[in-house]
Amino acid sequence: MDFLSTYKGGLLVISHDLPLLDESITSVLAVEHGTLEPFRGNYSYFLAERERRREQRIRERKHQDEKIARLEEGIRRFKGKTEKMAKRARSWETRVEKLKAQRTEISRRGRQVAVRFPQPPPSGRTPIKAQGLAKAFGQNVVFVDVDVDIDRGERMIIMGLNGAGKTTLLRILAGVEHADIGEVELGHQVSLGYYAQEHEQIRAGDSVLDHMRTVSALPDRELRSILGHFLLADKVDQDAGTLSGGEKTKLALAQVAVGAHNVLLLDEPTNNLDPQAKEALLDALEQYEGTLILVSHDTDFVEELAPDRAILMPDGATAYFDESMLDLVALA
Ligand SMILES: Nc1ncnc2c1ncn2[C@@H]1O[C@H](COP(=O)(O)OP(=O)(O)OP(=O)(O)O)[C@@H](O)[C@H]1O
Ligand SMILES: [Mg+2]
C-alpha cells in the first residue's frame, strides 16, 4: 500500500481490496454487463456515481417510453382514417421504430450470491483437540509445542505473518498433513470441511459439476441448484481449471457447503471474492452454528465476524479475541 501510494508512474490494478481501491486509485474502469465504463474517482466515488448514472438512465428511459406511447396512441387514432392521416401515421411508425432501437438500455442489477452452510448435526463438546504439535520442513522449524483446544460452536481465528505456519497448522487439523510431533484428536461425530488457500481441490480437466459429484451423493438437480446459489449455474459443464479466480473460490466453497459439516476449516476464503460475494460469505458464516477455524488477513471481514478466540502463529499463543487484535490481522 505504501509503495502504491507513493509510486509516480501509472498503475493498472485489478483488485477487490476496498482500502486499496479507495486510497491508491484515482479512476475506475468498471467491466459490467459486457461494457467497459470509465469513472474519474476512487471506489467510493464509483459506487455513488454508478448509482447516479443508473438513475439518470432510468429517467431517460421513462421519457423515451412515454414519447413512444404517445406516438403509438396517435398511430392508433389516425390509422384507417383519411389517406392523409394514414400517411402521417406511417411516418410516425418509422419514427417509433427508430426511437425503440435507440432506447436507453437499463442493465439489470447483478444477481447476488447466496451462500448457505446448512446447519449440521452437532458434534461432541470438543470437536478438535491437539497437544504439543510440532512441524518442520527440513531445517525450517515452522512451529513447536502448539496446543489447540476448540469448543463446539466456537469461532477461532489463526493469525500471523506470511509464512508463520497458519496453513500448515490448518492442514494438520484437517488431516491432509501430519505433525512431526503430536496428534490431532477429533471429537464425537465430527465432520470436517476444509477450504484450502490455493484452490488445491480444483482439478483441471474435470467439470464444475463433477467437482460437486466427488464430494456429495446428492442428485445432480440439487447440486446444480447449489451451484446456482454460488452464481455458477452457467458454468456447470465448464472445465473447472479454466474458471476465474473468484469462480474457483466459489466452487470450493460450494463443495464445502454441500458437505453439511459441523466443523469448518477455512484458509483465507475471501481471497478473490468480489465485495458482494464476501458479504454473502460473511452472512452465511454468521448464521452458521457449527465450529469455525479461520485464517484471514481481511481486517473488515474478521471485525464483522467477531471471532471468539485467536491463535497467534508461530508461537501458538491463544487469547480471547478483541478489536485491538485487528492490527495483527492486517499485519500479515
Ligand atoms: N511442503 C512444504 N515444503 C517446504 N516448506 C514448506 C512446505 N509447506 C510450507 N512450508 C514452509 O512452512 C512455512 C509456513 O508455511 P504456511 O503456508 O503454513 O504459512 P502461512 O502462515 O499460511 O503463510 P501465508 O500468510 O503466506 O498464507 C513457510 O516458511 C513455508 O515456506
Ligand atoms: Mg497460508
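Quick notes on the rules
- Residues numbered from 1 in each chain as written.
- Chains lettered and ligands numbered in written order.
- Predicted model: local features only at pLDDT ≥ 70, side-chain atom pairs only at ≥ 80, totals over all residues.
- Heavy atoms only, no water.
- Domains from an automatic or database assignment.
- Helix = DSSP H or I, 4+ residues; strand = E, 2+ residues; numbered from the N terminus.
- Contact = heavy atoms within 4.5 Å.
- Pairing = 2+ DSSP bridges.
- Axes fitted to C-alpha atoms, helices over the stretch in contact; angles between N-to-C directions.
- Salt bridge = Lys/Arg side-chain N within 4 Å of Asp/Glu carboxyl O.
- Buried < 20%, exposed > 50% of the residue type's maximum accessible area, 1.4 Å probe, protein only.
- Near = heavy atom within 4 Å.
- Polar contact = N/O pair within 3.5 Å; in protein donor to acceptor, adjacent residues only side chain to side chain.
- Areas by Shrake-Rupley, 256 points an atom, 1.4 Å probe, with all protein chains shown as cover.
- Nonpolar A, V, L, I, M, F, W, Y, C, P; charged D, E, K, R; others polar.
- Parallel < 35°, antiparallel > 145°, perpendicular 65-115°, else oblique.
- Left-handed = near helix turned anticlockwise from the far one by under 90°.
- Patch = residues over 30% accessible without salt bridge, like charges linked within 9 Å, V, L, I, M, F, W, Y side chains within 5 Å.
- Lys, Arg positive; Asp, Glu negative; His and termini not counted.
- Charge placed at Lys NZ, Arg CZ, Asp CG, Glu CD.

## As for the domain arrangement of the protein
How big an interface is tends to be reported as the loss of accessible area on association of its parts.
Part 1 of the argument: Segmentation of the protein into domains returns domain 1 (1-109) and domain 2 (128-331).
Part 2 of the argument: Domain 1 and domain 2 are separated by 40 Å when their C-alpha centres are compared.

## A word on the environment of Ser123
Part 1 of the argument: Here Ser123 lies in the loop between helix H4 (83-101) and strand S3 (128-137).
Part 2 of the argument: For the pair Ser123 and Tyr288, spaced 165 residues apart in the sequence, the C-alpha separation amounts to 14 Å.
Part 3 of the argument: Apart from residues lying up to four places away in sequence, Ser123 is in contact with Arg152, His188, Gln189, Val190 and Asn262.

## Overview of the sheet that holds strand S5 (residues 155-159)
The pairing of strands in a sheet comes from backbone hydrogen bonds and takes either a parallel or an antiparallel form.
Part 1 of the argument: Read across the open sheet, the six strands follow the order S7-S8-S9-S5-S10-S11; overall the sheet is mixed. Of all the strands in the sheet, the pair left with one neighbour each is strand S7 (192-195) and strand S11 (317-320). The sheet shows a mean angle of 15° between the axes of neighbouring strands, direction not considered.
Part 2 of the argument: In this sheet, S11 lies alongside strand S10 (residues 309-312) in antiparallel orientation, the contact comprising four bridges. Bridge pairing links Leu312 to Ala317 in S11.
Part 3 of the argument: Contacts between helix H8 (residues 245-258) and the sheet are confined to S7 and strand S8 (263-267), with S7 contributing the most and set at about 175° to the helix.

## Some points on the pattern of salt bridges
Pairs can form between side chains of opposite charge once their charged atoms are near each other.
Part 1 of the argument: In this structure the tally under the stated criterion is 24 salt bridges.
Part 2 of the argument: Notably, a salt bridge pairs Glu93 with Lys79, separated by 2.8 Å at the nearest N-O pair. A residue pair is termed long-range when its members are at least 10 positions apart, and Glu93 in helix H4 and Lys79 in the loop between helix H3 (43-78) and H4 qualify at 14 residues.
Part 3 of the argument: Lys79 sits in the partly exposed class, given a relative accessible area of 47%.
Part 4 of the argument: Two residues, Glu83 and Arg90, come together in a salt bridge whose shortest N-O distance is 3.7 Å.
Part 5 of the argument: Exposure remark for Arg90: the relative accessible area of 45% places this residue in the partly exposed category.
Part 6 of the argument: Several salt bridges converge on common partners, so that one network encompasses Glu37, Glu49, Arg52, Arg53 and Arg57.

## Topic: the site of ligand 1
Part 1 of the argument: Surveying the vicinity of ligand 1 reveals 14 residues, the closest of which are Asn162, Gly163, Lys166, Thr167 and Thr168.
Part 2 of the argument: The contact in question runs from an oxygen atom of ligand 1 to an N or O atom on the backbone of Gly163, over 2.8 Å.
Part 3 of the argument: Note that an oxygen atom of ligand 1 is positioned 3.2 Å from one of the backbone N or O atoms of Ala164.
Part 4 of the argument: The protein chains hide 61% of the 640 Å² of surface that ligand 1 would expose on its own.
Part 5 of the argument: If you list the elements that add at least two residues to the shell around ligand 1, you get strand S4 (140-150) and helix H5 (166-174).
Part 6 of the argument: Residue composition of the shell around ligand 1, by class: four nonpolar, eight polar and two charged.

## Brief notes about the packing of helix H7 (residues 220-229) against H8
Part 1 of the argument: Packing of H7 against H8 leaves a shortest axis separation of 10 Å and a crossing angle of 130°. It follows from the interaxial angle that H7 and H8 lie oblique. Between H7 and H8 the crossing geometry is right-handed. Only Leu251, Ala254 and Val258 of H8 make contact with H7, whose side of the interface consists of Leu223, Ile226 and Leu227.
Part 2 of the argument: Of the residues that constitute the contact of H7 with H8, the class distribution is six nonpolar, no polar and no charged.

## Thoughts on a positive patch on the surface
Part 1 of the argument: Together, Lys67, Arg70, Arg95 and Lys98 line one region of the surface with positive charge.
Part 2 of the argument: Secondary structure elements with two or more residues in the positive patch: H3 and H4.
Part 3 of the argument: With respect to the element layout, Lys98 can be found in helix H4.
Part 4 of the argument: Residue classification places Lys98 among the exposed positions, given a relative accessible area of 56%.

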